[in-house]
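Here's the letter readout for the chains.
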Amino acid sequence: MAYIAKHKGEDPVQIGAIAKSENISQKFLESIMLTLRKAGFLGSKKGKGGGYYLRRQPEEIKMVEVMRILEGPVSMVPCVSLNFYEKCDDCPDETACSVHSLMVQLRDSNLAVLNKNTLADLIAE
């Protein structure tokens, strides 16, 4: 997405150009691009001059959204997830868990960073 954002305003970007520039397997990249297209981050154009393009402005794309689509929950353990909560299999009592509050702090710190940063921030660096 960063590569596409850097080439915004040009023709749609071909997946081969991204794979070569970013040194990523084209097959692996195709699966990522399909996921991002289905999630509404990317659009695609077929045929001559085709490729991928951003459907939203880079400053409108929060990294927390992208991470959740590509990686799933932001939290390290399911019992502190805000969107994908599950009781931990090996924990009989969350309130007595010695690491629960640490995991909440980690989740909140990660969320703060990911919510604060957008795709525009990534390409500005």
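If you're wondering where the values come from, they're calculated on a predicted model, not measured in any experiment.

(A) Just the domain arrangement of the protein chain, in detail. Along its sequence, the protein chain is carved into domain 1 (1-54) and domain 2 (58-124). Of note, the centres of domain 1 and domain 2, computed from C-alpha atoms alone, are 26 Å apart. The interface is formed by 11 residues belonging to domain 1 together with 8 residues belonging to domain 2. Buried surface at the junction of domain 1 and domain 2, summed over both partners, amounts to about 820 Å²; 95% is from carbon and sulfur atoms. Considering only the surface of domain 1 that becomes buried against domain 2, Met1, Ala5 and Phe41 emerge as the three largest contributors, covering 45% of it.

(B) View of the side chain of Thr118. Structurally, the position occupied by Thr118 is in the loop between α5 (100-116) and α6 (119-124). Look at Thr118 and you get buried, because its relative accessible area is 11%. Contact partners of Thr118, with chain neighbours within four places excluded, come to Pro58, Glu59, Ile61, Lys62 and Met63.

(C) Seen up close, the layout of surface pockets. Its boundaries defined by the atoms lining it, the largest pocket holds a volume of some 310 Å³. Secondary-structure elements contributing two or more residues to the lining of the largest pocket are α1 (2-6), α2 (15-22), α3 (26-38), α4 (63-71) and α6. Looking at the lining of the largest pocket, its residues break down into 16 nonpolar, no polar and 2 charged.

Conventions used here
Residues numbered from 1 in each chain as written. Predicted model: local features only at pLDDT ≥ 70, side-chain atom pairs only at ≥ 80, totals over all residues. Heavy atoms only, no water. Domains from an automatic or database assignment. Contact = heavy atoms within 4.5 Å. Buried area = accessible area lost by both parts, 1.4 Å probe. Helix = DSSP H or I, 4+ residues; strand = E, 2+ residues; numbered from the N terminus. Buried < 20%, exposed > 50% of the residue type's maximum accessible area, 1.4 Å probe, protein only. 1 Å grid on protein atoms, 1.4 Å probe; cavity = no way out; pocket = protein on both sides within 12 Å on 5 of 7 lines; lining within 4 Å. Points joined across faces, edges and corners; volume = space filled by probe spheres on them. Nonpolar A, V, L, I, M, F, W, Y, C, P; charged D, E, K, R; others polar.

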